[in-house]
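Residues per chain, in single letters:
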Amino acid sequence: MVNNKGKKIKLFLFFIVLINYFIFFSFAQVSSKDLIENPDKYDQKEIVYKGEAIGEVMVRKDYSWVNVKDNYYAIGVWAKKELTKDIITGDYTKTGDILEIKGVFNKSCILHGGDLDIHANEIKILERSKKRKIELDIKKIKVLIILSLVFILEVLFLWKKKLKI
Amino acid sequence: MLLKPQLEDLKVILYHIGKISILLGLFMFLPLFVGILYSETQAILDFSISIVFSFIFGFFLILFFKTETEIHFNHAMVIVSLSWILAMFLGAIPLYLSGHFSSFLDSCFEAMSGFATTGLTLAQDLDHLANSYNFWRHLTMFIGGIGIIVIALSFLITSSAYIRMYIGEARDEKILPNIVSTARFILYISIVYFIVGTLSLTIVGLIEGLTLKSAILNGACLFMAAFNTGGFTIYSQNILYYHSILFEILTCVFMLLGAINFKLQYTILVSEKKELFRDIEIKTLFFSIIITFTILGIALRLDNLYPNSLSFFRKGFYQLISAHTGTGYSNIYSPQFLSWNNLAIFGIIVAMAIGGCSCSTTGAIKTIRIGLLYKGLAEDIKKIILPESSIVNERFHHINDIILEDKHLRSASVIIICYIALYFFGAIVGMFFGYPFLNSLFESTSAAGNVGLSCGITSPDMPSFLKITYIIQMWAGRLEFISVFTLFGFIWSIIKGKR
């Protein structure tokens, strides 16, 4: 009896996951290149867009802008403030969160002065921000030392010759 | 008879090139300071290498070619044109070391684009570029916008002979009685505008949700690129990154200020306010904006690309002002230009080809030359219509009332022809590599007119020969040909001249 109930719950959960899966993938996942080069195809349609959050989250009253870049271009995503509050954006020191955005694509948004943008309904953080590997190049340090020595010799030579610039 | 240059001629040129090299090295201390501020160790190292290299090169030339010989006109012109090539090479070093450029040629392209205030970019992964490199990219626009020689005149002046170089950098007007005080005035007014501009853009940045540190950096960089009609930004999306009408309005104001003749601005500020409505350059600029905007408006309306008048205005007018002032700021993506019809593209090309006023930071043909040509045409028509006995004297107002003479028309026509030839030269090279005519002409005009708008041709993947072509176009376009032709003549005289 208990086993049967457990099976039913599992089956129910499986269907819930399956339904969500289909809902999720019923949105077309597209790249920024697709969106920018074929805007008419996706205009006013629900899409799934994936990329790295770059720059910074710009809060505008109850909403905010976050620019999300995939392999090609960065696109502005307009979302409720709550959806973006945990997002860490990328810069020189770190890569930004990898986001999955579900929302409506606008080839020229009426609300935002004709901007090509996405109005997000859902934002999912797929990967957290990582520190970028920035290592000092030993070769460059050697080059700097050699150049500095040459420069010092040159200045000494100039000084010895009492040459005015 | 063409004479081979003497050793003394070469010494004069190389000695002064040495000085410019040191000046450029000194400028690199500013991004180095930004690097220290943001603890960007790799950038600190890269800028240190570049500074030391610039000093070694500069001091080497001074050491071996020190001379007291006076600079002649042709020396001055050669020094100017070579200074800009030197600036490109030295400016490219830290950019190349940053690792954000696929080759040294790409970083040279970026440096020339910066110094010539063009704004076309080949930077890769711009959104992760360190602040100090970004500051350097924008500073090159500030230096190039004011003029390398103008800055040299302000700091390194030791001889009245430098004055000849001022003309070689496409500036032939004196604001104050002498060239040195004029150069210093241009530098001071640019610094005053820099402080005011950075402050106002920082405030807008804070309103639009940037953090204070970021707002200051964005403000400074945006101002340097807007006022110097450059067009670089910190982010790959250009102005679209900010999604802000306030940023668009403010950058429009700075673009226009950078495109208006400094002498005229001085006259308006200190004495005659009415000059703004009387000057031939401003009138021509105004009419040209109206005409090109009408063309663009009709074209965009035909395709109904934008849903309402605000969108149409924000996208259409912004692109037009950016094109006309030679800035290259854009709030649309490059491939979106391709969705515009040919008439709209034509309107933008015409605006880019004309440019702003003389003695400003803008490139291209410039409105005064178009105004003079129009006056010349009007004079000829009057001569045909009016009785033969009547005397026709056309006048134009440029700070003062001036009678139109053949020499004005001749110099205007020569430069216009040179620019048109340069625009088409780049377009032909573009077509040679398989790009369509209109796209090639768009990109070529953008490079030669020092604008920076792109319809997508400019990218790290484009052919190297096309990159070199655009570098030459940016250089020749910024210097307005005379010093470039003198350099070619000088090289020719070395090869073919008689002793």
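Residues numbered from 1 in each chain as written. Chains lettered and ligands numbered in written order. Predicted model: local features only at pLDDT ≥ 70, side-chain atom pairs only at ≥ 80, totals over all residues. Heavy atoms only, no water.

## Looking at the overall build of chain B
Helix and strand counts for chain B stand at 21 helices and two strands. Compactness check: chain B gives a C-alpha radius of gyration of 22 Å against a globular reference of 23 Å for 499 residues, within 12% of the reference. In terms of its C-alpha atoms, chain B occupies a principal-axis envelope of roughly 65 × 60 × 50 Å. Evaluated residue by residue, chain B yields a buried proportion of 63% over its 499 residues. (Helix = DSSP H or I, 4+ residues; strand = E, 2+ residues; numbered from the N terminus. Rg over C-alpha atoms; globule rule 2.2 N^0.38 Å. Buried < 20%, exposed > 50% of the residue type's maximum accessible area, 1.4 Å probe, protein only.)

## Re the overall build of chain A
Broken down by element type, chain A carries five helices and eight strands. Mapped in sequence order, the helices and strands of chain A form the string α-β-α-α-β-β-β-α-β-β-β-β-α. Within chain A, buried positions represent 41% of all 165 residues. Summing over all exposed atoms, chain A offers an accessible surface of approximately 10600 Å²; the carbon and sulfur share of this is 62%. (Areas by Shrake-Rupley, 256 points an atom, 1.4 Å probe, with all protein chains shown as cover.)

## Notes on the packing of helix H14 (residues 280-303) of chain B against helix H17 (residues 367-385) of chain B
All names here are of chain B. Viewed as axis vectors pointing N to C, H14 and H17 meet at an angle of 95 degrees, and their least axial separation amounts to 8 Å. Judged on the interaxial angle alone, H17 and H14 are roughly perpendicular. Contact residues: H14 offers Ile280, Glu281, Thr284 and Leu285, while H17 offers Thr367, Ile368, Ile370, Gly371, Leu372 and Lys375. Considering only residue class, the contact of H14 with H17 consists of five nonpolar, three polar and two charged. (Axes fitted to C-alpha atoms, helices over the stretch in contact; angles between N-to-C directions. Parallel < 35°, antiparallel > 145°, perpendicular 65-115°, else oblique. Contact = heavy atoms within 4.5 Å. Nonpolar A, V, L, I, M, F, W, Y, C, P; charged D, E, K, R; others polar.)

## Some points on the nonpolar core
One finds Trp136, Trp340, Ile348 and Phe442 of chain B to be the most contacted residues of the largest nonpolar core, which totals 161 residues. Contact partners of phenylalanine 442 of chain B, with chain neighbours within four places excluded, come to Phe337, Ile345, Ile348, Ile349, Met352, Leu453, Ser454 and Cys455 of chain B. Counting residues in hydrophobic clusters, the runner-up holds 23 residues, among them Val30, Tyr49, Phe105 and Ile118 of chain A. (Core = buried A, V, L, I, M, F, W, Y, C linked by side-chain atoms within 4.5 Å.)

## Thoughts on helix H16 (residues 342-354) of chain B
Taking 1.5 Å as the rise per residue, H16 of chain B with 13 residues should run 18 Å; its terminal C-alpha atoms sit 18 Å apart, in good agreement. Looking at the packing, one finds that the buried side of H16 of chain B touches H14, helix H15 (309-324), H17, helix H18 (406-432) and helix H19 (437-448) of chain B. (Expected span 1.5 Å × (residues − 1).)

## Description of the pairing of strand S1 (residues 395-398) of chain B
All names here are of chain B. Inspection of the sheet shows S1 paired to strand S2 (residues 400-403) by four bridges, in the antiparallel sense. Looking across to S2, one finds that histidine 397 is bridged to aspartate 401. Where S1 folds back onto S2 in an antiparallel hairpin, the turn is made up of one residue, including isoleucine 399, whose phi is positive at roughly 65 degrees. (Pairing = 2+ DSSP bridges.)

## Regarding the pattern of salt bridges
Residue and element names in this part refer to chain B. Counted according to the given criterion, the structure contains 21 salt bridges over all chains. Its salt-bridge partner being arginine 314, residue glutamate 248 comes within 2.8 Å of it at the nearest N-O pair. Pair noted here: glutamate 248 is in helix H11 (residues 245-259) and arginine 314 is in helix H15, with a separation of 66 residues, a long-range link. Owing to a relative accessible area of 4%, glutamate 248 belongs among the buried residues under this scheme. The partner of lysine 383 in a salt bridge is glutamate 379, with the nearest N and O atoms 3.9 Å apart. Taken as a pair, lysine 383 and glutamate 379 lie in helix H17 at a separation of four residues, close to a single helical turn. Glutamate 379 sits in the buried class, given a relative accessible area of 7%. (Salt bridge = Lys/Arg side-chain N within 4 Å of Asp/Glu carboxyl O.)

## Considering the side chain of serine 48 of chain B
Turning to its location among the elements, serine 48 of chain B is positioned in helix H3 (residues 41-65). Overall, the relative accessible area of 17% leaves serine 48 of chain B in the buried class. What serine 48 of chain B contacts, discounting residues up to four positions off in sequence, is Leu144 of chain A together with Leu32 of chain B.

## Looking at the interface of chain A and chain B
Residue-level contacts link 51 residues of chain A with 47 residues of chain B. Summed over both partners, the interface of chain A with chain B buries about 4200 Å², with 63% contributed by carbon and sulfur atoms. The tally of links from chain A across to chain B stands at three salt bridges. Among the salt bridges present, the one from arginine 60 of chain A reaches glutamate 208 of chain B, with a minimum N-O distance of 3.3 Å. (Buried area = accessible area lost by both parts, 1.4 Å probe.)

## Brief notes about the packing of aromatic side chains
Residues and elements named next belong to chain A. Counted by the stated rule, this structure contains 38 aromatic pairs over all chains. Aromatic pair tryptophan 65 and tryptophan 78: ring centres 5.1 Å apart, planes at 50 degrees, arrangement tilted. Of this pair, tryptophan 65 sits in strand S3 (residues 63-69) while tryptophan 78 sits in strand S4 (residues 74-80), placing them 13 residues apart in sequence. Tryptophan 78 carries the same exposure label as tryptophan 65, and that label is buried. (Phe/Tyr/Trp six-rings, centres within 6.5 Å; stacked < 30°, edge-to-face > 60°.)

## So, a nonpolar patch on the surface
Residues and elements named next belong to chain B. Where nonpolar side chains cluster on the molecular surface, the patch consists of Leu2, Leu7, Leu10, Phe485, Phe488, Ile491, Trp492, Ile494 and Ile495 and spans about 880 Å² of accessible area. Sorting the residues of the nonpolar patch by element identifies helix H1 (7-27) and helix H21 (482-496) as the ones contributing at least two each. With six residues, the top contributor of residues to the nonpolar patch is H21. (Patch = residues over 30% accessible without salt bridge, like charges linked within 9 Å, V, L, I, M, F, W, Y side chains within 5 Å.)

## Quick look at the state of the cysteines
Covalent bonding between the sulfur atoms of two cysteines defines a disulfide. Summed over the entire model, instances satisfying the criterion amount to zero disulfides over all chains. In this structure cysteine 252 of chain B is a free cysteine whose sulfur lies 15 Å from that of cysteine 357 of chain B, the closest cysteine sulfur available. (Disulfide = S-S within 2.5 Å.)

## Quick word on helix H5 (residues 138-161) of chain A
In this model, H5 of chain A (24 residues) spans 35 Å end to end at C-alpha, consistent with the 34 Å of a helix rising 1.5 Å per residue. Those residues of H5 of chain A that fall on the buried side of the exposure criterion are Lys140, Leu144, Leu147, Phe151, Glu154 and Leu158 of chain A. The inward-facing, buried residues of H5 of chain A abut H3 and helix H4 (73-97) of chain B. Its side-chain oxygen 3.0 Å from the backbone nitrogen of lysine 139 of chain A, aspartate 137 of chain A forms the N-cap of H5 of chain A. (Polar contact = N/O pair within 3.5 Å; in protein donor to acceptor, adjacent residues only side chain to side chain.)

## Thoughts on the side chain of threonine 251 of chain B
Residue and element names in this part refer to chain B. Within the element layout of this structure, threonine 251 appears in helix H11. Of note is the side chain of threonine 251, whose polar atom sits 2.8 Å from the side chain of tyrosine 318. In contact with threonine 251, not counting residues within four places along its chain, are Leu201, Ala226, Ile239, Tyr318 and Tyr329.

## Focus on the pairing of strand S7 (residues 117-127) of chain A
Residues and elements named next belong to chain A. Strand direction decides the pairing type here: S4 and S7, joined by three bridges, are parallel. The residue bridging tryptophan 78 from the neighbouring strand is histidine 119, located in S7. Pairing between strand S6 (residues 98-106) and S7: nine bridges, direction antiparallel. Its bridge partner being in S7, glycine 103 is matched across the sheet by alanine 120.

## Side note on the packing of H3 of chain B against helix H6 (residues 131-146) of chain B
All names here are of chain B. Closest axis-to-axis distance for the H3/H6 pair is 8 Å, and the angle between their directions is 45 degrees. When the interaxial angle is binned, H3 and H6 end up oblique. Contact residues: Gln42, Ala43, Asp46 and Phe47 in H3; Ser132, Tyr133 and Trp136 in H6.

## A short note on the environment of valine 180 of chain B
All names here are of chain B. Here valine 180 is to be found in helix H9 (residues 179-207). Classification of valine 180 by relative accessible area gives buried; the value is 16%. Residues valine 180 and alanine 299 lie 119 residues apart in sequence; the distance between their C-alpha atoms is 47 Å.

## Considering the confidence of the model for chain B
Here chain B averages 89 in pLDDT, and 95% of its residues register 70 or above. The complex model carries a pTM of 0.89, and its ipTM stands at 0.84. (pLDDT = per-residue confidence, 0-100.)

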